[in-house]
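Residue-level listing of the chains:
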Amino acid sequence: MNAPLPKQALAELSPLHLELATRLNEHTQGEVLFDRGARGRYSTDASIYQIEPVGVLLPRTGNDVAAALGICRELSVPVLARGGGTSQCGQTVGAALVIDNSKYLNRVIDLDLGNMTVTVEPGIVLDHLNAWLKPHGVWFPVDVSTAAQCTLGGMAGNNSCGSRSIAYGNMVHNVVSIDAMLLDGTTASFCEESQMRDAPPRVQAIMARLREIAERERNEIERAVPAVMRRVGGYNLDIFHPQSPRPYTADGRINLAHMLVGSEGTLAYTRQMTLKLSPLPAAKALGVVNFPTFYQAMDMTRHIVELSPCAVELVDRTMIDLARGNPAFRPVIDKALIGEPEAILLVEFAGESSAEQVASLAKLVALMGDLGLPGSVVEMPDASAQKALWEVRKAGLNIMMSMRGDGKPVSFIEDCAVPLEHLAEYTSQLTDVFAKHGTKGTWYAHASVGTLHVRPILDMRNDGARKMRAIAEEAGALVRRYKGAFSGEHGDGLVRSEWVAWQFGPRLTRAFEEIKDAFDPDRLMNPGKIVRSSKMDDASLFRFKPGYRSIEIKPALDWSAWNVNSDPATETVSAPGTGGDPAQGLAKAVEMCNNNGHCRKFDAGTMCPSYRVTRDEQHLTRGRANTLRLALSGQLGPDAFTSDEMRATMELCVSCKGCKRDCPTGVDMAKMKIEFLNQWQQKRGLALKDRLIATLPRWAPWAARMPLLFNLRNHIPGAARLTEKWLGFSAQRSLPAWRRDTFLGDPTTRRREGDSRPAAISGGSPSPDTAEVVLFADTFNNYFEPENLHAARQVLQAAGYKIHIARPAETDAQAKRPLCCGRTYLSAGLVDQAKAEARRVIAALLPFVERGVPVIGLEPSCLLTLRDEFLVMGLGREAEALAAQAYLFEEFLAHELKAGRLQLPLKPLPEKRALLHGHCHQKAFDAVKPVQQILALIPELKVELVESSCCGMAGSFGYEASHYETSMKMAELSLLPALRAADDDTLLVADGTSCRHQIADGLAGRSAQHVARVLQRALA
Ligand SMILES: Cc1cc2nc3c(=O)[nH]c(=O)nc-3n(C[C@H](O)[C@H](O)[C@H](O)COP(=O)(O)OP(=O)(O)OC[C@H]3O[C@@H](n4cnc5c(N)ncnc54)[C@H](O)[C@@H]3O)c2cc1C
Ligand code: SF4
Ligand code: SF4
């Protein structure tokens, strides 16, 4: 039995739901979440719908699930199994008890390399499984675009299909057996029919019923089930009479697991499943065919497919342009282009021998010549280039969703599948349909199997529902004309279950209802999906219902760039601030989250460290964005924006800006957290600890004058405990030590009496045309590690630069206090105070900026504030001018190197290897590569980057007692283990002050250095 549920969460529940919550809490060991915020966070998936669930259970064991099904059945409460919640059609939303398998039920149960199978629990993520399998030389080859976050249970639920389905088939072709539980607790392994003789009587009865229905409907199956490779709508009654060119099983045997695949959790709960593995291809080659017209790309696909590639994927002109607009994707996509193609096809060949794949590539080149397009293929034999381009293709939909304004690309005819010979006609006519309805769609994805993704842009708050139906009907007519499938990849859910009758006719629809009733006579398993559904355009189920409005709120930062409207027909975007958002753009920025769940990924990149350690939807970018959206639209009750629930949701966000870069639609939660904190402190005030941290730059000069006193806490026994108790700073941490010898207090950096200009320090042999720079001494390096600034100065001097030290302007009312970027104020939501600091910085640096003198800083979180938050504080063109000239130390050197101006004499160091950890803000601003480039200038030094997310310290986050454990878990995810594995002769490099502190705390006896110190040591 769990701890009692929070009273507040229970207070608002109906008696039935209260009983459900209480019994689940008593009879399972799982997490029982019935509070409003949790229900809100589970009310959406990647579709246009929103339905509040009854509550959420995160089961720890199969027994928890069994108990939950039993309780739900007794209380007649529907049940909805869920993995990553990335379904596009509304499969995972419903007024049900949501059972989220992703947190605990995610183990590999068995690997049988002899039979090439693996048995897994439903909540395991595909990429995690494949990473686990890799050392064995095998993989699970249904490589969906959401591989980093979707679960195998969800993939089976939706009968998911990957980019390489032409070679490997869909999910259904790769499932050997499913160990399932029916609502009444009956369990059975659904597998090949002949092996199910010992199944429980209830299951035997279902099998007999299925046979009976299939025999009765044989003619109808042959008539109505489309004979295409991709068809995932309805139930797979055709396992008894297969229609697809790729049969369910190679030997024609009937496998009952295949009836459950694609059933969207409406028939049974998947406890475990056994999957068919494939050998990892030893060699791959990629050819990118560039087409002058979209029509040609579509028309020629059928010829390309004859070369037996394992994937042929489309990227159209709009997608190319959107990808080129993303700084991370631009260099990748540019390498794939010849001129300005209207479309490209990514054609992949894979197999055992690399010579064979290269030969296939040559055949592709020859084929394109024969088809009248000589010189149209970019050959990519290199694996890393291939991987990078596939990432762009996989991000396709998300790139498209980064469109601002209320009109969004909507998924409802997104995956109709047509035979290849009709692909060109079909796409051309559907494009005309879009135009007729005043919209556009972007085409991409699985050309090889005739399943092209397209999402017309619609405004669901306005006339979107009407247009959606009209377009769906016309698209349906085309699909029927070309004998295709309406649902070819993403399933039925809420948006397409209505179309099951259209696709399969009344007889099979009735047969599907009979199948549902045989498995689930109580009709409680994910009701309303596949059979007995609502209408696709039932606006009461929309996330953005007609008339949806955000509440009025005055944000502290400028969000007007999001407050726009876009016209899909003309592709124009209205001026910033004209979008009509009562929250002045903040709400629209929050609404950019389309719930695709990419923030649940665990691979490279930063996003989202708090999810990586908690695996909680609440501590995930998506969960935060949803909570903010619901609060900003008044759906969580009055004052929800400054509620304790919101505080708890934002608490573990470390403001790493990982999402700013990694979220495909650019949800910038760090900035949103500033808004939240700003409102919070206005209404609820600031804790003493937060005030102390925020105002650190103000009292720091005093601490520097009396370092012994201010450092007592680190030295007197028991003092740390007391500060933990009184202030909340973790006793398990040392706090950064104050220094009397601050950088700005050093005589060599002081301004001379009577000199109105900032101090200037020249390089060894300055010449009249010596380039100048301004060194911005941030609070942390100045007071805690001045040697870093001295090192930077020495390196810049050695490179011949004339150095000014940034000092407050003489007109500054607080001229005696050093400049500060305002970061500590921002981290407490004190935006006005941060703006005041920003104004001081601008006033001090503008004279340099106007002369074109670069501003250089060492601490990423400080210097990059000048390039980020300064621009949304309403500080005008002067802030923009400063931002354009503000560089991190290593960025500046790399910039000079590229321009051929860097003369830095360096000698080898005793250490021959450097391990680099990038600060999150460096990563968010693409500023890690410059560190690598500059370190690589040191002769004989091998530089390696640690694939790490946030170090977990994140400013003051990790110092706080309530965060200590989470902070250390973040560090232990990958950073500390990687550094621990390095031998003592390896240099550890980290530019972030807090990263260095975390590393020192986590690796007793070892420390990391700022890149400036490393270069200083290497000066010849
Ligand atoms: C950007 C984007 C790209 C996508 N690309 C692809 C693609 O390339 N190919 C593709 O096929 N799909 C794609 N999808 C759709 C979706 O990601 C896949 O269908 C994915 O496999 C769903 O996995 P999930 O874990 O998120 O499942 P969920 O969405 O959580 O669940 C899916 C279904 O499975 C059921 N289910 C989950 N667990 C169980 C269980 N234990 N027992 C019974 N039923 C269960 C659920 O009830 C639901 O009906 C994409 C979606 C997005 C947003
Ligand atoms: S926050 Fe970004 S990555 Fe996460 S679900 Fe929303 S849009 Fe996707
Ligand atoms: S800022 Fe970092 S911790 Fe916060 S939501 Fe974004 S990725 Fe997660």
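Residues numbered from 1 in each chain as written. Chains lettered and ligands numbered in written order. Predicted model: local features only at pLDDT ≥ 70, side-chain atom pairs only at ≥ 80, totals over all residues. Heavy atoms only, no water.

(A) Structural view of the overall build of the protein chain. Assigned secondary structure in the protein chain consists of 44 helices and 28 strands. Taken over the C-alpha trace, the protein chain has a radius of gyration of 30 Å; the compact-globule value for 1020 residues is 31 Å, and the two agree within 12%. A principal-axis box enclosing the C-alpha atoms of the protein chain has dimensions of 100 × 70 × 55 Å. (Helix = DSSP H or I, 4+ residues; strand = E, 2+ residues; numbered from the N terminus. Rg over C-alpha atoms; globule rule 2.2 N^0.38 Å.)

(B) Highlighting the sheet that holds strand β5 (residues 108–112). Judged by pairing direction, the sheet is antiparallel, and its five strands sit side by side in the order β5-β6-β10-β8-β9 without closing on themselves. Looking along the sheet, the strands with just one partner apiece sit at the ends: β5 and β9 (187–190). Direction aside, neighbouring strands of the sheet carry axes that sit 15° apart on average. With four bridges connecting them, β5 and strand β6 (residues 117–120) associate as antiparallel partners. Residue pairing across strands places V108 opposite V120, the latter belonging to β6. (Pairing = 2+ DSSP bridges. Axes fitted to C-alpha atoms, helices over the stretch in contact; angles between N-to-C directions.)

(C) Representation of the nonpolar core within the structure. With 83 residues, the main nonpolar core has F641, M669, M672, L845 and L882 as its most contacted residues. Contact partners of L845, with chain neighbours within four places excluded, come to V774, F776, A806, V855 and L882. Membership of the second largest hydrophobic core comes to 61 residues, among which are I166, A297, M460 and A472. (Core = buried A, V, L, I, M, F, W, Y, C linked by side-chain atoms within 4.5 Å. Buried < 20%, exposed > 50% of the residue type's maximum accessible area, 1.4 Å probe, protein only. Contact = heavy atoms within 4.5 Å.)

(D) Quick look at the confidence of the model for the protein chain. Confidence in the prediction for the protein chain averages 94 pLDDT; 98% of positions are at 70 or higher. Low confidence marks residues 752–760, where pLDDT is under 50. Its contacts with residues over four positions away, or in another chain, come to 19 contacts. For the stretch residues 762–768, pLDDT sits under 50, and the model shows six contacts to residues farther than four places along the chain or on other chains. (pLDDT = per-residue confidence, 0-100.)

(E) Region of interest: the packing of aromatic side chains. By the definition in use, this model includes 22 aromatic pairs. With centroids separated by 5.8 Å and ring planes inclined at 85°, the aromatic side chains of Y235 and F512 adopt a geometry described as edge-to-face. With Y235 in the loop between α9 (218–224) and α10 (257–260) and F512 in helix α20 (residues 498–519), the pair connects residues that are 277 residues apart, well separated along the chain. The same class applies to Y235 and to F512, which are both buried. Here a set of aromatic residues connected by ring pairs shows up, and it is made of W699, F710, W738, Y783 and F784. The cationic tip of K284 hangs over the ring face of W139; the distance from NZ or CZ to the ring centre is 5.9 Å. (Phe/Tyr/Trp six-rings, centres within 6.5 Å; stacked < 30°, edge-to-face > 60°. Lys NZ or Arg CZ within 6 Å of the ring centre and 35° of its normal.)

(F) Structural view of the sheet that holds strand β28 (residues 986–990). The three strands are arranged β27-β26-β28 in an open sheet whose pairing can be described as parallel. With one partner strand each, in any of the chains shown, β27 (942–945) and β28 form the two edges of the open sheet. Mean inter-strand twist for the sheet, computed between neighbouring axes without regard to direction, equals 25°. Of the pairings in the sheet, the one linking strand β26 (residues 913–917) to β27 comprises four bridges and is parallel in character. Each bridged residue has a counterpart across the sheet, and for L916 the counterpart in β27 is L945.

(G) Layout of the environment of H422. Along the polypeptide, H422 turns up in the loop between β16 (408–409) and α17 (423–436). Assessed through its relative accessible area of 25%, H422 is described here as partly exposed. Each C-alpha atom of the pair H422 and P717 lies 79 Å from the other, and the pair is 295 residues apart in sequence.

(H) Main features of the site of ligand 3. Around ligand 3 lies a shell of 14 residues, among which C608, R624, C653, C656 and C659 are the nearest. Mapped by element, the contributors of at least two residues to the shell around ligand 3 are α22 (609–614), α23 (621–632) and α26 (669–684). Classifying every residue of the shell around ligand 3 by side-chain character gives nine nonpolar, three polar and two charged. (Near = heavy atom within 4 Å. Nonpolar A, V, L, I, M, F, W, Y, C, P; charged D, E, K, R; others polar.)

(I) Representation of a nonpolar patch on the surface. Judged by side-chain polarity, W702, M706, L709, F710, L712 and I716 come together as a nonpolar surface patch covering roughly 550 Å² of accessible area. One can find L709 in helix α29 (residues 707–710). (Patch = residues over 30% accessible without salt bridge, like charges linked within 9 Å, V, L, I, M, F, W, Y side chains within 5 Å. Areas by Shrake-Rupley, 256 points an atom, 1.4 Å probe, with all protein chains shown as cover. Salt bridge = Lys/Arg side-chain N within 4 Å of Asp/Glu carboxyl O.)

(J) Fine view of the site of ligand 2. The environment of ligand 2 is made up of C593, N594, N595, N596, G597, H598, C599, T621, R622, C663, P664 and T665. The residue makeup of the shell around ligand 2, split by class, is four nonpolar, seven polar and one charged.

(K) Seen up close, α17. When the terminal C-alpha atoms of α17 are compared, their 20 Å separation across 14 residues agrees well with the 20 Å that a helix rising 1.5 Å per residue should span. Within α17 the residues assigned to the buried category are L423, A424, Y426, T427, L430, V433 and F434. In this fold, the buried residues of α17 make contact with α11 (294–305), β17 (441–446), β18 (451–458) and α18 (464–481). Downstream of α17 by one or two residues, G438 has phi in the positive range, about 70°. (Expected span 1.5 Å × (residues − 1).)

(L) Inspection of the side chain of E348 at higher detail. Counting through the fold element by element, E348 comes out in strand β14 (residues 343–351). Side chain to side chain, E348 and R164 meet in a polar contact 2.6 Å long. (Polar contact = N/O pair within 3.5 Å; in protein donor to acceptor, adjacent residues only side chain to side chain.)

(M) Representation of the packing of α11 against helix α14 (residues 354–370). Running from amino to carboxyl end, α11 crosses α14 at an angle of 140°, the nearest separation of the two axes being 11 Å. By the angle between their axes, α11 is oblique relative to α14. Crossing of α11 over α14 shows right-handed handedness. On α14, the residues that touch M300, H303 and I304 of α11 are L364, L367 and M368. (Parallel < 35°, antiparallel > 145°, perpendicular 65-115°, else oblique. Left-handed = near helix turned anticlockwise from the far one by under 90°.)

(N) Broad picture of unusual backbone geometry. A cis amide bond, omega -10°, links M607 with the succeeding residue C608. Along the chain, C608 turns up in the loop between α21 (586–590) and α22. Although it is not a glycine, S76 adopts a positive phi angle of roughly 55°. In the Ramachandran plot, I530 falls in the positive-phi region, its phi being about 70° despite a non-glycine side chain. Tracing the backbone through its elements, the reader meets I530 in the loop between α20 and β19 (566–567).

(O) Quick look at the environment of R107. By secondary structure assignment, the location of R107 is in the loop between β4 (97–100) and β5. Residue R107 is classed as partly exposed on the basis of its relative accessible area, which comes to 45%. When the C-alpha positions of R107 and T187 are compared, they lie 19 Å apart, and in sequence the two are 80 residues distant. A polar contact is formed between the side chain of R107 and the side chain of E121, at a distance of 2.6 Å.

(P) Layout of the packing of α18 against α20. Put simply, α18 and α20 touch, their axes get as near as 12 Å, and they point 20° apart. By the criterion of interaxial angle, the relationship of α18 to α20 is roughly parallel. In terms of crossing hand, the pair formed by α18 and α20 is right-handed. Only E498, W499, W502 and Q503 of α20 make contact with α18, whose side of the interface consists of R469, A472, E473, G476, A477, V479 and R480. Its residues placed into classes, the contact of α18 with α20 shows five nonpolar, two polar and four charged.

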